[in-house]
Amino acid sequence: MNNATILEIDKSAIQHNLTYFKSKLKKDTLILVVIKAFAYGSDAIILANILKKEKVDYLAVAYTEEGVVLRKAGINLPIIVLHPQIQNFKILIQNYLEPNLYTKKTLLQFIDIANSLKLKKYPIHIKFNTGLNRLGFKTSDVSEIIMILKNKNTIALKSVFSHLAASEDLNEKVFTENQITSFKEIKKKFDASTNPNKPIFHLLNTSGIVNYLEAQFDMVRLGIGIYGFANEDKITKKLQNVLCLKSIISQIHILKKGETVGYNRIFKITQLTKIATIPIGHADGVSRQLGNKKSYVTIHNQKAYIIGNVCMDILMVDVTTINCQEGDIVVVFDSQKKIIEMSKTMNTIPYELLTMISQRVNRVLKKNKYI
Ligand SMILES: *Cc1c(COP(=O)(O)O)cnc(C)c1O
């Protein structure tokens, strides 16, 4: 663990963001929150505990093992595993995780196992591919799936879903509306089937909620929005920042003209310069692309540019004009604006920047400043 460096998680910001999205939805629309990939780089257990108290209806993770970790931590909400593998079905069942079944092979295999274990109405989910071309049955498979599921008592179809390919991009509105239409047709066929069990239908991710509220169906799948991002500045401003990455100054050096800083002597000192060494590096998730003055940290609210290459465990910043001491707090990011800015510098998006924060960084709940 890198103890000096912490990722603070702001519970009240999470609550605010959840309330914001809820206020957009119809009262009876269910909410699933996606906490895959360590809850987008934050902390899946901390998030799940907060969301449990907030009474969200569902959680989702990508892989079985991520769900097992939540069960071991005592999380008893229903959890969809979005991308389970056949070899993990038994572990998945032992942990009462709910599989997304996305091919005939995964569906039939799961039914086999459910039969052999004599399960009773074990919850499953079916995903359709309506254009993302990632995972899911074809729209034309609906009738066959309905046939397969008919009179099966070992499993119960809890939900049917699909995923939008470009919900944040209004230039792709026609494509997205076609996806919505395909999904409606799928729903129609399920509605018309004689199966008495009525599954939950869901399609929208965060940007879907922002741009296509009319397609909220029975449930939505909130991901990046809970962490304060909506892929659209106007909406992101209405959300609160959840994650704050902080460290401290380990050492201060005063360097003279002619000296160099860091590996390969990349940064050359041209005038008397004060630098600070910070215990956070690319192994903690601060990309090398942010080095060499491409980005900065803040110390006492002043910008201190990263000089030289970011090392594995350490980076150096220029603090010549900042009145600071060893032990002072260093902020890598504490706002959505800074996270977006850093993502742009790295040619990526906040989704990747956040999930890059490695497990070496301590996760802590932000202390309420009024206590
Ligand atoms: C990750 C994921 C989401 C959440 O997407 P956001 O853009 O983060 O809201 C929703 N649905 C599926 C299937 C996903 O894989």
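Up top is the structure these notes are about.
In this text, all values refer to a predicted model and were calculated from it rather than measured experimentally.

The rules behind these values
Residues numbered from 1 in each chain as written. Predicted model: local features only at pLDDT ≥ 70, side-chain atom pairs only at ≥ 80, totals over all residues. Heavy atoms only, no water. Phe/Tyr/Trp six-rings, centres within 6.5 Å; stacked < 30°, edge-to-face > 60°. Lys NZ or Arg CZ within 6 Å of the ring centre and 35° of its normal. Buried < 20%, exposed > 50% of the residue type's maximum accessible area, 1.4 Å probe, protein only. Helix = DSSP H or I, 4+ residues; strand = E, 2+ residues; numbered from the N terminus. Pairing = 2+ DSSP bridges. 1 Å grid on protein atoms, 1.4 Å probe; cavity = no way out; pocket = protein on both sides within 12 Å on 5 of 7 lines; lining within 4 Å. Points joined across faces, edges and corners; volume = space filled by probe spheres on them. Axes fitted to C-alpha atoms, helices over the stretch in contact; angles between N-to-C directions. Parallel < 35°, antiparallel > 145°, perpendicular 65-115°, else oblique. Left-handed = near helix turned anticlockwise from the far one by under 90°. Contact = heavy atoms within 4.5 Å. Nonpolar A, V, L, I, M, F, W, Y, C, P; charged D, E, K, R; others polar. Near = heavy atom within 4 Å. Polar contact = N/O pair within 3.5 Å; in protein donor to acceptor, adjacent residues only side chain to side chain. Areas by Shrake-Rupley, 256 points an atom, 1.4 Å probe, with all protein chains shown as cover. Sits in = over half its atoms within 2 Å of the grid points.

Description of the packing of aromatic side chains
- Taken as a whole, this structure holds 12 aromatic pairs when the rule is applied.
- The ring of Tyr296 is capped by Lys303, whose NZ or CZ atom sits 4.7 Å from the centre of that ring.
- The side chain of Lys338 reaches across the aromatic face of Tyr296, ending 4.2 Å from its centre.

Overview of the pairing of strand S15 (residues 296–299)
- Residues of S15 alternate between two faces, with Tyr296 and Thr298 on one and Val297 and Ile299 on the opposite face, all of them buried.
- Pairing geometry for S15 and strand S16 (residues 302–307), over 4 bridges, is antiparallel. Bridge pairing in S16 links Val297 to Ala304.
- As consecutive antiparallel partners, S15 and S16 are separated by 2 residues, and within that stretch His300 has a phi angle of approximately 50°, a positive value.

What about empty space enclosed by the protein?
- Counting across every chain of the model gives 3 cavities of 30 Å³ or more.
- The computed volume of the largest cavity comes to approximately 70 Å³.
- Contributing to the lining of the largest cavity are Ile146, Leu149, Leu157, Phe190, Ser193, Asn195, Asn197, Lys198 and Pro199.

Quick word on the packing of helix H1 (residues 11–24) against helix H3 (residues 44–53)
- At a minimum axis separation of 11 Å, H1 and H3 run at an interaxial angle of 55°. As summarised for this structure, H1 and H3 are arranged oblique, according to the angle between their axes. For the crossing formed where H1 meets H3, the hand is right-handed. Contacts from Lys11, Ile14 and Leu18 of H1 reach H3 at Leu47, Ile50 and Leu51.
- For the contact of H1 with H3, the residue count by class is 5 nonpolar, no polar and 1 charged.

Regarding the site of the ligand
- Close to the ligand lie 13 residues; Lys36, Tyr40, Thr206, Ile224 and Tyr351 are nearest.
- Within the side chain of Lys36, a nitrogen or oxygen atom sits 2.7 Å from an oxygen atom of the ligand.
- Isolated, the ligand exposes 390 Å² of accessible area, and the fraction of that covered by the protein chains is 94%.
- Here the ligand occupies the largest pocket.

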